Amino acid sequence: MTRMTHEEAFSELSAVALDTASADVANAVRKHAAACPECGPELAAMEQTVALLGELVPPAQMNRGRSAGIRSRLLMRARSERESHSAPVPGPPDIARGVASLTGQGSRMTPGGQRIVTGESKRVTPAQTPNVPREMIPVRRSVNWYAIAATVALVITGAQLFRVTSDRERMRSQLAQLTPADTTKSPVDSLTLALSQKDSMIAAMTGPDVKVVALTNQGARQPLGRMMWNRSSNDWIMVTYNLRPPKPGMTYQVWLVTADAKISAGTFRPDANGNTFMHAKYALDRNALRAVAITEEPEGGMPSPTGPMVVAGAA
Amino acid sequence: MNPSERAQSYSPENGSNAEDVALMRRIVEADETALGALYDRWVRSLYSLVLHLLKDPDEAEDVVEETFWQAWRKASSYEPSRGAVSTWLLTIGRRKALDRLRARKRSKEDTVTGEHGFDDLPSTAPDPSSEVEGAELREQIRAALNELPDEQREVLELGYFTGLSQSEIAEATGQPLGTVKTRMRLAMQKLREPLSMYRGAKE
């Protein structure tokens, strides 16, 4: 429907104001109303009336901790977008909720924005917003993040790359060995998809623009994890090994440390062997990262770090 | 002064719309602290509305987050001449909530008719922190609603709280489509008169 008579448009004004008309009808009505001295003001008045009806509802108070979490994520996303040249880009962002993106299992994640390598991250705690009132959140500013992180040297992640590459070769071999009779849609699609994921993973972990941050603590002789950041594709891959389970009621939380912020990058729980493998996309200014750190925080995560730093690495 | 100009001056519980407009200007300039301030001012009203529509705290929180994110991304599309910032935010939030209701309905084919209504709304605001002005407005709106004939009120409720199209309302109520359209238009026209007067009187 591209054109409407005055009578047709007038009869649809209330439906458009209530947002219950189809998109075609609404567009046609708005097009008419834009030029009609009767329908234009009438539609505007109806829309304002509809909006004011919203103020009739009984006041409800969101859980204060959750509200603080939403606020924190919004500001982090906004800051991140501003820092990455600020101009809004079309389409949904790669992450919908700051840190949760990195876990790949946040409950409020933009669909399709994350990929999880199954079988390597045994369990990732859904990154719920914290159920803790804002005033109960102490921020320990005394932790010397940079000093600890600066003790760590960068290393190449050959082991992870070898592992993923081996998986890919094994899958390719399986795919090649399938006979025509075997090539029903399901197994072929499944293998092809898995192969595609491995290819993407390898692409994310290699290339000239990948920054690798080794994660360790002062007592460890070997790195306890690595963060790989492909600054061209905005892929982030984190692996950890030999991490003890967090204490009951606690979870691990990842932080991307920049000059003026500690950006929560998600919560996670290592598997029984202390291993974690996470993959996410998140845009960050290529020169902004100073360090990566993991702290132990109350289940659900916190808007800013409060707990002891388990491991960290300088970028 | 026309209705839109009057609406622009209205801001129920959190001060004048001029402060909101100033925040919107800062948001356009990519000042995220302004987004935080806008959130603090309006999260409660927005959450109240979407929770009432969706009846699900988790989904309501999602909608709140999506709404403020859209406010950040689309701040430049806000036109003060078309209404208050709060009106703009609540409109975005309600639209997103209705989208979810419709998706829920498509997936479950559940019946939403009768689940919501203006009768659900309390006669007095339960939160003592609500300012007198906000409570007064609610009473004015409620009074206007109460004066509507039942059949007009019914179609308005179905449209407002469930997002049913007029055709769907006609089907649900067994009334001809033309009748539904007329009733809804009359209800909206009657409702906006006292609201406009109220807004004008607040100036």
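Look up: the structure comes first, before these words.
Residues numbered from 1 in each chain as written. Chains lettered and ligands numbered in written order. Predicted model: local features only at pLDDT ≥ 70, side-chain atom pairs only at ≥ 80, totals over all residues. Heavy atoms only, no water.

Draft legend 1. Inspection of the overall build of chain A at higher detail. Along the backbone of chain A there are eight helices and eight strands. Within the span of chain A, comprising 315 residues, buried residues form 55% of the whole. Long-range contacts, defined as pairs at least 24 residues apart, comprise 66% of the intrachain contacts of chain A with a sequence gap of at least 6. With an accessible surface of roughly 14100 Å², chain A has 55% of that area assigned to carbon and sulfur atoms. (Helix = DSSP H or I, 4+ residues; strand = E, 2+ residues; numbered from the N terminus. Buried < 20%, exposed > 50% of the residue type's maximum accessible area, 1.4 Å probe, protein only. Contact = heavy atoms within 4.5 Å. Areas by Shrake-Rupley, 256 points an atom, 1.4 Å probe, with all protein chains shown as cover.)

Draft legend 2. Expanded view of the nonpolar core. Among the nonpolar cores identified, the biggest contains 77 residues, and B:Leu38, B:Val64 and B:Phe68 are the most heavily contacted of them. For this core, the element with the most residues is helix α3 (residues 32–54) of chain B, which contributes twelve residues. Those residues in contact with B:Val64 that lie beyond four places of it in its chain are A:Met62, B:Tyr39, B:Val43, B:Leu46, B:Tyr47 and B:Val50. If you look at the next biggest cluster of nonpolar residues, it comprises 25 residues, including A:Val213, A:Leu215, A:Ala261 and A:Val310. (Core = buried A, V, L, I, M, F, W, Y, C linked by side-chain atoms within 4.5 Å.)

Draft legend 3. Representation of the sheet that holds strand β5 (residues 262–268) of chain A. Residues and elements named next belong to chain A. Strand order across the open sheet formed by four strands is β5-β4-β7-β8, with antiparallel pairing between neighbours. Each of the sheet's edge strands pairs with one partner strand only, and the pair in question is β5 and β8 (309–314). In this sheet, neighbouring strand axes are inclined to one another by 25 degrees on average, regardless of whether the strands run parallel or antiparallel. As defined by bridge partners, strand β4 (residues 250–257) adjoins β5 across six bridges and the pair is classed as antiparallel. (Pairing = 2+ DSSP bridges. Axes fitted to C-alpha atoms, helices over the stretch in contact; angles between N-to-C directions.)

Draft legend 4. Highlighting α3(B). All names here are of chain B. If you check α3, its first and last C-alpha atoms are just 28 Å apart, much less than what 23 residues at 1.5 Å a residue would give, namely 33 Å. Tryptophan 42 marks the point of greatest bend in α3, at about 55 degrees. With respect to burial, α3 is a largely interior element, 19 of its 23 residues being buried. Two residues or fewer after α3 comes lysine 55, characterised by a positive phi angle close to 60 degrees. (Expected span 1.5 Å × (residues − 1). Bend = angle between axes of the 7 residues up to and from the residue.)

Draft legend 5. Highlighting the environment of A:Asn234. All names here are of chain A. You can see asparagine 234 is positioned in the loop between β2 (225–230) and β3 (235–240). In sequence terms asparagine 234 and arginine 286 are 52 residues apart; their C-alpha atoms lie 9.2 Å from each other. In contact with asparagine 234, not counting residues within four places along its chain, are Trp229, Ala280, Lys281, Tyr282, Ala283 and Leu284.

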